[in-house]
Each structure stands twice: as C-alpha cells, then as structure tokens.
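Here's the letter readout for the chains.
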Amino acid sequence: MKKTYIIIIIITTFLAILLGYKLSCLTKYTIKENYNYKIADTLEIKQTTSKNKFKFKNYRVIDLLNTDINVYVIKQKKQIILQGAPGTGKTYSSSEIAVKLIDGNAPSDRAELMKRYKELVDKEQIFFTTFHQSMDYEEFVEGIKPETTSDNKIIYKLKDGIFKEACKSAENNKVVLIIDEINRGNISKIFGELITLLEVDKRKGKENEIEVILPYSKEKFSVPDNLYIIGTMNTADRSIGYIDYALRRRFAFIPIKADKLAIENYYDNINKNFDCKDKAINLFNKVKELIKGNINEEFEADDIMIGHSYFMAQNFEELQNKLEYEIKPLLLEYFKDGILKSHKY
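Let me begin by describing the structure that accompanies this report. (Residues numbered from 1 in each chain as written. Predicted model: local features only at pLDDT ≥ 70, side-chain atom pairs only at ≥ 80, totals over all residues. Heavy atoms only, no water.)

1. Some thoughts on the pairing of strand E3 (residues 142-148)
Judged from the 7 bridges that link them, E3 and strand E4 (residues 154-160) form a sheet pairing that is antiparallel. Each bridged residue has a counterpart across the sheet, and for Pro 146 the counterpart in E4 is Tyr 156. Turn length for the E3-E4 hairpin, with the two strands adjacent in sequence and antiparallel, is 5 residues, and the turn residue Asn 152 shows positive phi of about 65 degrees. (Pairing = 2+ DSSP bridges. Helix = DSSP H or I, 4+ residues; strand = E, 2+ residues; numbered from the N terminus.)

Shown next as structure tokens:
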C-alpha cells in the first residue's frame with residue numbers, strides 16, 4: 001500500500017502542476033477534488049466552444065496514418081494487424097482501411113465514413129468480431145449449437161461462425177473481416193487447421209491452394225482470395241502473453257503511435273480552443289517524458305505511450321477529467337505492473 005501511495009503522489013504531482021492545479025492534500029485511497037484548477041473565465045471558454053459548434057463525432061482521430069500504404073500492404077499480404085497503445089485509434093483506422101480497400105476511396109469526414117462502413121456491413125462486405133479468451137473454433141468457424149423450438153424443445157443444429165460466413169460472402173465480393181483485440185484469443189483454439197489456409201499462395205485458385213474437410217459439416221473448404229483480415233492489438237496489454245508465432249508469420253504488422261501532430265491538428269482545425277491546446281500539448285509532452293524516463297528496459301516507449309485521443313478535449317474541464325480519470329489510472333497501472341519503474345524518483 002505504501003508503494004502504491006508513493007506512485008500516486010509521483011504521477012499526481014508531476015501532471016497536476018502542468019495543468020495549473022494546486023495540490024492540496026492526498027490520501028492513500030483517493031485523489032479526488034484535491035486540486036484547485038484555476039480557469040480565469042470558464043463562461044468565456046464555454047461561449048467559444050459553442051460558437052465553434054464543436055462536434056467530436058465528425059473528427060477523424062487518425063489523420064496521421066498513411067491509409068494508401070496500409071491498403072497496399074493488405075492487398076499484398078491479405079491480412080494486417082494494427083498495433084499500438086490505447087487511444088491511438090486502431091479500431092477507427094481499421095474501419096477507414098476497410099472502406100478504402102472495398103470502395104477504392106474513403107470519405108474524409110468521420111460521420112460519412114462510418115455511414116459508408118455501416119452500409120458495407122449490411123451488404124456483408126465488412127464483418128466485425130472481437131477475440132477473447134473463451135472464443136473457440138466452434139464460434140469462429142463452425143459448430144453445433146443448441147436451439148429452442150416453438151414447443152420449447154432443445155435441438156442442435158450446425159451453424160456457421162463469422163469466419164465461414166465472411167468466406168462465403170468473399171466468393172463474389174471483396175470482404176474485410178475486422179478482428180478487434182486479436183492477441184487476446186487463443187489462436188490455435190480459434191483458427192485450428194485453417195491458420196495455414198490464410199497464406200496468400202495457399203488460398204483458393206492459387207498455385208499452392210490447400211483445401212480441407214471441415215470437421216462438423218464435412219464440407220470441402222478453402223479461403224477465398226477476396227477475403228482480407230484486419231486485426232487490432234493493444235501493445236500496452238500485458239495481461240496476455242506474446243502473440244502466437246503462427247499468426248505473426250501470416251500477418252503484416254503496422255504500428256500506430258501516439259502523435260502530437262494529431263493533437264495539434266485537432267485544436268487547429270476542429271476545436272480551435274488554443275489555450276486548451278497549449279495545455280494538452282504540454283501534458284502530452286510531460287507524459288511522454290515521464291514514460292521515457294521511467295520505462296522498464298524490457299519495454300518500448302511507443303508501445304505504451306498513451307494515445308493522442310486522450311489529450312483531445314472540448315475545454316479545460318474535460319481535459320482535467322481525462323487526466324484525473326483516464327490518464328492517471330493508466331499510468332498507475334503501468335507502475336503497478338512494472339512497466340514503469342518508480343525507484344527513479
């Protein structure tokens with residue numbers, strides 16, 4: 001408990017001074033309402049944001065990614081993994097890449113992009129799933145599932161999983177399967193023998209095509225050439241082991257890093273709250289400095305640097321809340337897990 005208390009003091013003092021807080025007191029169990037954040041004219045800030053008609057939902061969090069390059073890579077490799085720390089926009093980026101891969105271009109406006117994304121989902125050209133530790137082959141590929149009849153009897157039927165559904169749809173169209181948190185699943189348990197079929201030269205119609213007999217339906221099965229897979233991976237998640245090597249060999253890995261330019265672009269072109277921009281940029285720099293100065297040598301700073309979306313706020317109050325309830329708890333977890341070392345202070 002004493003060590004945790006010291007870590008809390010370190011993080012709080014380091015970041016609170018930056019945003020203009022006045023540190024008043026600390027307890028072992030909470031850091032609430034301990035700061036007097038002095039804002040000269042809160043009403044003026046609210047009026048400014050109101051005049052600018054700020055709409056966060058229309059902001060493209062990731063402008064720093066070169067989508068054209070990522071689309072080129074996935075066309076060559078057929079499957080990619082976007083890897084980065086929390087808040088770097090991996091899930092949104094996967095949507096952008098999927099739309100551009102299928103349509104040849106993607107709307108620059110976030111709302112329009114997501115509208116098109118949903119249309120492609122309805123057309124069964126984009127599929128989305130999230131891996132977790134209890135997911136298995138029967139859920140992902142095919143399996144026997146119970147059903148309740150109209151007279152309340154239980155029967156068992158063969159049902160296709162999302163991977164098999166995506167493959168069927170890919171027989172006639174380009175299809176993108178997005179797998180969020182791909183490294184949280186047991187790859188051998190989920191893909192089974194089909195992991196080999198993902199390789200470019202082993203897909204349907206290719207020179208080294210491999211066809212297997214599925215265990216439940218007894219159907220002949222191969223992976224269509226028109227199926228593309230985009231996975232996302234949180235590089236700061238240390239609750240799981242390293243990613244399966246069988247998966248690593250078959251995917252191209254694209255890092256998405258926290259970037260100060262994305263924050264500057266947000267405040268320059270969207271919010272236009274320049275006082276808040278200065279505070280956010282300074283906070284970003286200080287967090288980066290804290291991480292680089294205290295990181296365990298076994299880790300890379302880019303893998304855990306808190307993403308730029310954490311530093312985008314409508315006003316000082318929102319930025320303060322993000323610091324208090326999102327950034328500081330995440331940093332505290334880094335210290336607790338040994339990713340950051342507190343003995344340097």
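2. Overview of a nonpolar patch on the surface
Residues Ile 144, Ile 154, Tyr 156, Leu 158 and Tyr 216 make up a contiguous nonpolar surface patch of roughly 510 Å² in combined accessible area. In terms of residues, the nonpolar patch owes the most to one element, E4, which gives 3 residues. Position of Ile 144 relative to the elements: it lies in strand E3. (Patch = residues over 30% accessible without salt bridge, like charges linked within 9 Å, V, L, I, M, F, W, Y side chains within 5 Å. Areas by Shrake-Rupley, 256 points an atom, 1.4 Å probe, with all protein chains shown as cover. Salt bridge = Lys/Arg side-chain N within 4 Å of Asp/Glu carboxyl O.)

3. Details of helix H4 (residues 90-103)
Helix length check: H4 (14 residues) gives 20 Å between terminal C-alpha atoms against 20 Å at 1.5 Å per residue, within 8%. In terms of burial, H4 is a largely internal element, 11 of the 14 residues being buried. Those residues of H4 that fall on the buried side of the exposure criterion are Lys 90, Tyr 92, Ser 93, Ser 94, Ser 95, Glu 96, Ile 97, Ala 98, Val 99, Leu 101 and Ile 102. In this structure, the buried side of H4 is in contact with helix H3 (67-77), strand E1 (79-84), helix H5 (110-122), strand E2 (126-130), strand E5 (175-180) and strand E8 (227-234). Looking one or two residues beyond H4, the residue adopting positive phi is Gly 104, at roughly 95 degrees. (Expected span 1.5 Å × (residues − 1). Buried < 20%, exposed > 50% of the residue type's maximum accessible area, 1.4 Å probe, protein only. Contact = heavy atoms within 4.5 Å.)

4. Description of the nonpolar core
Grouped together as the largest cluster of nonpolar side chains are 34 residues, with contacts concentrated most on Val 287, Ile 291, Phe 311, Ile 327, Leu 331 and Leu 340. Elements that contribute at least two residues to this core include exactly helix H10 (260-271), helix H11 (274-294), helix H12 (301-304) and helix H13 (316-336). (Core = buried A, V, L, I, M, F, W, Y, C linked by side-chain atoms within 4.5 Å.)

5. Looking at the pattern of salt bridges
Using the criterion set out here, one finds 19 salt bridges in the structure. The closest approach of N and O atoms between Asp 268 and Lys 277, which form a salt bridge, is 2.7 Å. Residue classification places Asp 268 among the partly exposed residues on the basis of a relative accessible area of 31%. Measuring nitrogen to oxygen at the nearest pair gives 2.8 Å for the salt bridge that ties Lys 328 to Glu 324. Here Glu 324 and Lys 328 lie together in helix H13, a separation of 4 residues that amounts to about one turn. Under the relative-accessibility criterion, Lys 328 is labelled buried at 8%. When its relative accessible area of 13% is taken as the criterion, Glu 324 is described as buried.

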